[in-house]
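# Chains, contacts and geometry: an overview
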Amino acid sequence: MEPVQLLSPDGTLREDERYSPFLEALDDAGLRDLYRHMALERRFDQEATSLQRQGQLALWVPALGQEAAQVGTIAALKPTDRVFPTYREHAMALYRGISAEELMATFRATKHAGWDPHAYNFHGYSIVLAAQTLHAAGWSMAVKQDERLGLRARDKAADEIVLACLGDGASSQGDVHESMVFASSYELPLLYFIQNNHWAISVPTATQSRHPLVHRADGYGFEGVRVDGNDVLASYAVAAEMAVQIRNGSGPKLIESVTYRIGAHTTADDPTKYRSDDEVQAWAAKDPVTRFRSWLESGDRADQAYFTQVQEEAEELATELRRAVLAMESIDIERVFDTVYAEPHRQVEVEKAWLKDYEAGFAEAGGDK
Amino acid sequence: MEPVQLLSPDGTLREDERYSPFLEALDDAGLRDLYRHMALERRFDQEATSLQRQGQLALWVPALGQEAAQVGTIAALKPTDRVFPTYREHAMALYRGISAEELMATFRATKHAGWDPHAYNFHGYSIVLAAQTLHAAGWSMAVKQDERLGLRARDKAADEIVLACLGDGASSQGDVHESMVFASSYELPLLYFIQNNHWAISVPTATQSRHPLVHRADGYGFEGVRVDGNDVLASYAVAAEMAVQIRNGSGPKLIESVTYRIGAHTTADDPTKYRSDDEVQAWAAKDPVTRFRSWLESGDRADQAYFTQVQEEAEELATELRRAVLAMESIDIERVFDTVYAEPHRQVEVEKAWLKDYEAGFAEAGGDK
Amino acid sequence: MSRVTREQDTGTESSVQTMPLAKAITAALRDELAADEKTLLIGEDIGKLGGVFRVTDGLQAQFGEHRVIDSPLAESGIIGTSIGMAMRGYRPVAEIQFDGFVFPAFNQITTQLAKIHNRTDGALTVPVTIRLPYGGHIGSIEHHSESPEALFAHTAGLRVITPSNAHDAYWMTRQAIVSEDPVIIMEPKRRYWLKGEVDTANPAPDAFRAQVLREGSDITIATYGPLVPVALATAEVAQREGRSVEVIDVRSISPLDDETIARSAAKTRRLVVAHEAPTFGGFGAEIAARVTERAYDRLTAPVLRVGGFYMPYPPSGQEDRYLPDIDRMLEAIERSFAYGRTR
Amino acid sequence: MSRVTREQDTGTESSVQTMPLAKAITAALRDELAADEKTLLIGEDIGKLGGVFRVTDGLQAQFGEHRVIDSPLAESGIIGTSIGMAMRGYRPVAEIQFDGFVFPAFNQITTQLAKIHNRTDGALTVPVTIRLPYGGHIGSIEHHSESPEALFAHTAGLRVITPSNAHDAYWMTRQAIVSEDPVIIMEPKRRYWLKGEVDTANPAPDAFRAQVLREGSDITIATYGPLVPVALATAEVAQREGRSVEVIDVRSISPLDDETIARSAAKTRRLVVAHEAPTFGGFGAEIAARVTERAYDRLTAPVLRVGGFYMPYPPSGQEDRYLPDIDRMLEAIERSFAYGRTR
Ligand SMILES: Cc1ncc(C[n+]2csc(CCOP(=O)(O)OP(=O)(O)O)c2C)c(N)n1
Ligand SMILES: Cc1ncc(C[n+]2csc(CCOP(=O)(O)OP(=O)(O)O)c2C)c(N)n1
Ligand SMILES: [Mg+2]
Ligand SMILES: [Mg+2]
């Protein structure tokens, strides 16, 4: 199944009967904004990588190369749609307004998760692969139940859909299957978004599936579509088309977004051990950001001033990121004690008190604990 | 997808270009033998149910109605093919020569599993649903590895295929997905055999999947076929056809055998709580054993003497079952201690010795422990 | 927890009824479903069938299939989707059919359910209740008789409780459901048909505290769930032999009310801990270690443990030799006193 | 186990090499792959990448992709297929990438791997080895620093061992692989780069026994894996303060060599047990309860435990306050002696 592509690498925009109409919702400002979000994420990502190299982050997980897949998809959703990301959806997180400080808490290891999911309709990063796909299914069940209970006006509830992100590697986990079983059984308003970036650390997608991942949907009787994840317009249009159907009660759907992880898996990874430079270069040539920028430029949809302005904004974001990271301190262990349970728990209280006394003993003794 | 049917409920044999040729391997004796195995299992099953009612078994799991699905499939395999059953494949187990005593150990709760899998190329019943589908995948990986290592002559190794049984309910488990991922990734010689008997205890198949289960194979890019599980000839031919392909290196395949559980889920179940009499009656009318018997009779493939002889054999089997069950005693807890580990383990030894002393104390005191 | 603990005896018509433990749980589920439309049940066969133990009997008919949900056959799915629903404000009560089938959900329970409140710095609560019938002595086949409480207790973020009588079963179930934390309520399945008085107007003691069920002065037995009646019977027998046994129903595994147990042990100066799970690495070790620390100067014998052997639960033909019973508890009592003598 | 325990010093050229603990494991895997064609490795990223910790570096190049198998990303699949291969006579060594990712495989480990030999009355052996890097102090993110040993030890049928130095790592890995039982070898990941001498001709003590690493007379510290060097350092400090500390490397969690620990505790009359996992319900409770029983009359203080707090492993910015260190061990030693004084 050929991925849906609207903007080819050489910069021509194709007409597609099914998907092109969905681009009409984007005026020039909207189109430029897609670019802007991609460019911001890219700069953000570079800065994060360098912060990690300087020892300021425990880890960084670059999303370079996947900007179009992420920005196109999230832009096609409403802010009220609920997103369950993996750990690489920085472009989506930034799009939703999550701050540099909030986003980096996990990676500076100052907090497990840095933001309140309810504030952005965007959940925390999920480290145990695929676990979040079941939470997304449960959330979707609750959306339908809210509607039945009349807790939201019928069309308001019907309005909310859920995005479950996963990678090609994670697709092999049993939880993904169980999520899809529940989604199809209860006809949930749930869109699975697989970013097939060709690698799960060092393991190529073929080890997870010799058959295109998009076909997983066939097993459960819902629609799956493959999209060129380096084409922000196709990513947008396919997600927008599916979102309409899901809002109309179609039940779950799946997108396999074919893209490429240009950077290392994480800053702890050494991709030269398992993939060739040629492969990386071939994909770099399909870079989603430059592809879209050229098209914007060629069609006079954005002028040089615009790109300069975005670049400035990106630099500001990088500066803010650096400032935020350097200023971030770990939450105290006292706070960790306080959130193990929502209600009082004897052992937690006793241990918290013990630690206080214990550390106070050092203070008295002039020690540094 | 209409299930493959060769022998219709009204007793006519259809020609099917793909599958009919596989029936040629069966002469009249072979055909009769299919009947015989179905009839034996049915009688066995009735006796087991009555033994359970009489308090002689902890539990019984009737297979009534699924005889054709099981006998047709196992008959199409070679005795050297490895079977990983669920807990309802009594017809298959008996077909492979497992004795009444061996089979009933689990159900009299005298042993967890009553036979040596290596003796019959047939594994013990698996109670944790779907776990065995991964063991089947691992076994299949080992079959291929044996071949690579030259531990068996190439064609001998290529000869062995693996059958992984599961139910419609179990199909929802994550382990089934992971098994299919491994099977397709490593192109394993593995045949999945889903008996869709319409119910998982009280839950209808539609709750597991609104879409026919056969399509699960599509997700991984291997072939799936739906077969009328109450038609022993179709069950045989489809399995035989697939076995040939798998032996030839096709990789995994899947059969969805559409059948019906005529009895209760187990003797602890009360099916009147969740399904209608009409439904059961409608399926009883499609009884696989009488369907096949009528056809054998109408075509003069078996005479009355044959049926009488089978009936006698079935009575003998029932008698042997009763005798065996009544005589069966639980293995001793000492034996349980001895098999927790294959090699000595300190805590196990200490506890075994403790129990011996402890019980000896009662004996000395004239107690009964 | 306000609704459940605040309720008071109205003083009008009798709120006391005798019923089996299983039916007390049914009543608790019914009352919570009625009290809060956000409470719902999910599990395998809990609808028309009413669950394999009939604990949810009649509830789907009363509350509908969207509040008493028959799930696909997938335990990780049951817990994972319960988490998702809880994130959106629901209170799912998930039934796992048998102890031995909780393991496919272990990842969702351990890495997700237990940790989400902490992970999100308190932003999300996940008030999921997991009902888990557990324990042996029902003459069943493999995987239907296990006691995995220690495997949950070690993971912070979960509450683990287990009632031993109908009244507790009613109230502890309600308290579990209204708790803002995830609670695993382990139901002693061999006691499902044990009848007892349930007073729906007078709450049982806090679900997260232990309870002294019988006072005694010579030795304490602390146990929980299915073995509580065994301990009470043991105390009777011992009484005839001149030993006064105090019996504590531990009730809550996490949090552990070590205070109540240690107070008793300090009084009687001897403690026996019993559970069906294997002794080795079992929860009894925690009770023993903790109480020894708290009451060290008072104890006159080591805390002794009575538990299952270090083996998979045996074929039920042998379960009588595996399970702690009155004789095994008496033996431990004797052993404890032997220490007193030799010291 | 013959091949691994029988091997003797040949007396010719030196068999001793200094290497990091991780490389000792690599060497053990290489030697076992070479010794038995039925031994194979399976896991995520263990091939070209050599594993995220590079422990399998070079092994796929040497033995081929069918003996060092990159698996799909599915832990239940890794263990479940390892079981299937073991049933057919292979010796799979399965790598789980990090402690926190073992839970999707928990069902296969607990209900299958642990029980199959027993279930089949000995007809099937399943000699699967699971390599599990565990423990904290690597400054990582959530799920990369956990210590789940207690969750495996409670399940009979599994062996659970953990080396603390390079020589042990080499030999215990080989012994795990040749064992007919399933073995979980927990690798203290923060010690991967700790160098030590490995003598490939002189086997380490039996992998399933504890070892006294330092003799002392006043108190015993029993610990394992990553905390062994901490305990040794603690003993040094205590020595300067006039306390003679005996240090035991527990090495094997199941079986537990309680004999060695109890003998030491009976000698020193005091015992401190330490591990990174939360104290509550942790394996230290088992050691404490068991040793108290065995050495009751000799102990002059309760067995004290030093462990993690009852919380999910905290953000690594706080791990120094969470993890047992020299000060925490010293504090426990002081507390132990306080008992001696007041009694
Ligand atoms: C259950 C689980 N197993 C293993 C890991 C370790 N791990 C982290 S990311 C990763 C690869 C994921 O690949 P993919 O799903 O394709 O996502 P990508 O990293 O390419 O975005 C692995 C194996 C994990 N986080 N969770
Ligand atoms: C993991 C697990 N969960 C739950 C159960 C309890 N259980 C036993 S059989 C069964 C229904 C199985 O249905 P299906 O797979 O369709 O097989 P059938 O019984 O119809 O042959 C259930 C829920 C179990 N054995 N294992
Ligand atoms: Mg990927
Ligand atoms: Mg079924």
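To be clear, the structure that these remarks concern was listed above.
To start, this report covers the structure provided alongside it. (Residues numbered from 1 in each chain as written. Chains lettered and ligands numbered in written order. Predicted model: local features only at pLDDT ≥ 70, side-chain atom pairs only at ≥ 80, totals over all residues. Heavy atoms only, no water.)

When its secondary structure is counted, chain C shows 13 helices and 14 strands. Taking 2.2 N^0.38 as the reference for a compact globule, 343 residues should give roughly 20 Å; the C-alpha atoms of chain C span a radius of gyration of 20 Å, in line with that estimate. When the backbone C-alpha atoms are referred to their principal axes, chain C occupies close to 65 × 50 × 45 Å. For chain C, the proportion of its 343 residues judged to be buried stands at 75%. As displayed, chain C has an accessible area near 8,900 Å², and 47% of this comes from carbon and sulfur atoms. For chain C, the distance from the average site of its 37 positive side-chain charges to the average site of its 45 negative ones is 3 Å. (Helix = DSSP H or I, 4+ residues; strand = E, 2+ residues; numbered from the N terminus. Rg over C-alpha atoms; globule rule 2.2 N^0.38 Å. Buried < 20%, exposed > 50% of the residue type's maximum accessible area, 1.4 Å probe, protein only. Areas by Shrake-Rupley, 256 points an atom, 1.4 Å probe, with all protein chains shown as cover. Lys, Arg positive; Asp, Glu negative; His and termini not counted. Charge placed at Lys NZ, Arg CZ, Asp CG, Glu CD.)

With that settled, the discussion passes to the packing of aromatic side chains. Applying the stated criterion across every chain, the model contains 63 aromatic pairs over all chains. Taking 5.0 Å as the distance between ring centres and 85 degrees as the angle between the ring planes, the aromatic pair formed by Y170(C) and W171(C) counts as edge-to-face. The structure contains a cluster of three or more aromatic residues connected by ring pairs, namely F337(A), W354(A), Y358(A), F362(A), F309(D), Y313(D) and Y322(D). Across from the ring centre of Y306(B), 5.4 Å away, lies the NZ or CZ of R32(B), which sits over that ring. (Phe/Tyr/Trp six-rings, centres within 6.5 Å; stacked < 30°, edge-to-face > 60°. Lys NZ or Arg CZ within 6 Å of the ring centre and 35° of its normal.)

All right, on to the relation of the copies chain C and chain D then. When chain C is fitted to chain D, the residual RMSD is 0.0 Å, and the transformation amounts to a turn of 180 degrees plus an axial shift of 0.0 Å. Viewed as a symmetry operation, the transformation between the two copies matches a two-fold axis. In this assembly the copies share their binding face: 98% of the residues contributing to the interface of chain C also contribute to that of chain D. (Least-squares fit on C-alpha atoms with pLDDT ≥ 70 in both. Contact = heavy atoms within 4.5 Å.)

The next point concerns the site of ligand 2. Taken together, 20 residues lie around ligand 2, and Y87(B), R88(B), I127(B), D168(B) and E75(C) are the ones closest in. Ligand 2 is flanked by residues contributed from chains B and C. N197(B) places a polar side-chain atom, nitrogen or oxygen, 2.8 Å from an oxygen atom of ligand 2. One of the side-chain nitrogen or oxygen atoms of E75(C) is found 2.5 Å away from a nitrogen atom of ligand 2. In isolation ligand 2 exposes 580 Å². Once the protein is present, 95% of that is buried. Residues that form the shell around ligand 2 fall into these classes: 10 nonpolar, 6 polar and 4 charged. (Near = heavy atom within 4 Å. Polar contact = N/O pair within 3.5 Å; in protein donor to acceptor, adjacent residues only side chain to side chain. Nonpolar A, V, L, I, M, F, W, Y, C, P; charged D, E, K, R; others polar.)

If you look at the interface, chain B gives 42 residues, while chain D gives 53 residues. Carbon and sulfur atoms supply 55% of the area buried between chain B and chain D, which totals about 4,000 Å² over both sides. When residues of chain B are sorted by the area they lose upon contact with chain D, H135(B), E343(B) and R346(B) head the list and together hold 16% of the total. Linking chain B with chain D are 6 salt bridges, by the criterion used here. (Buried area = accessible area lost by both parts, 1.4 Å probe. Salt bridge = Lys/Arg side-chain N within 4 Å of Asp/Glu carboxyl O.)

Residue and element names in this part refer to chain D. Strand order in the open sheet made by the 7 strands is β3-β2-β4-β5-β7-β6-β12, with mixed pairing throughout. Each of the sheet's edge strands pairs with one partner strand only, and the pair in question is β3 (68–70) and β12 (252–254). The average undirected angle you get between the axes of adjacent strands in this sheet is 20 degrees. Most of the contacts of helix α4 (residues 75–87) go to strand β4 (residues 91–95), to which it runs at about 170 degrees, and overall it touches β2 (39–43), β4 and β5 (129–134). (Pairing = 2+ DSSP bridges. Axes fitted to C-alpha atoms, helices over the stretch in contact; angles between N-to-C directions.)

The next thing to look at is the pattern of salt bridges. Summed over the entire model, instances satisfying the criterion amount to 100 salt bridges over all chains. Counted as one network, the salt bridges with shared partners bring together R346(A), R209(C), D257(C), D258(C), E259(C) and R294(C).

To continue, consider the coordination of the magnesium ion (ligand 3). Each pair of donors in an ideal four-coordinate tetrahedral metal site encloses 109.5 degrees, whereas pairs in an ideal six-coordinate octahedral site enclose 90 or 180 degrees. Residue and element names in this part refer to chain A. Taken together, D168 (OD), N197 (OD1) and W199 (O) make up the full set of protein donors to the magnesium ion (ligand 3), lying 2.1 to 2.2 Å away. For the magnesium ion (ligand 3), all donor residues lie on one chain, and their spacing in sequence is D-x28-N-x1-W. You can see D168 sitting in the loop between β2 (162–167) and α8 (174–185) and its partner N197 sitting in the loop between β3 (190–196) and β4 (199–200), a full 29 residues away along the chain. You'll find D168 and N197 in the same group, each marked buried. (Donors = N, O, S within 2.8 Å, 3.2 Å for Na, K, Ca; no water.)

Residues and elements named next belong to chain D. On the basis of which strands lie adjacent, the open sheet formed by 5 strands has the order β9-β11-β10-β13-β14 and mixed pairing. With one partner strand each, in any of the chains shown, β9 (211–214) and β14 (304–308) form the two edges of the open sheet. Ignoring strand direction, the axes of neighbouring strands in this sheet form an average angle of 25 degrees. Bridge count for β9 against strand β11 (residues 245–249) is 3 bridges, and the pairing is antiparallel. Opposite Q211, over in β11, you have D249 as the bridge partner.

In short, the description is geometric, and any link to function would need to be established separately.
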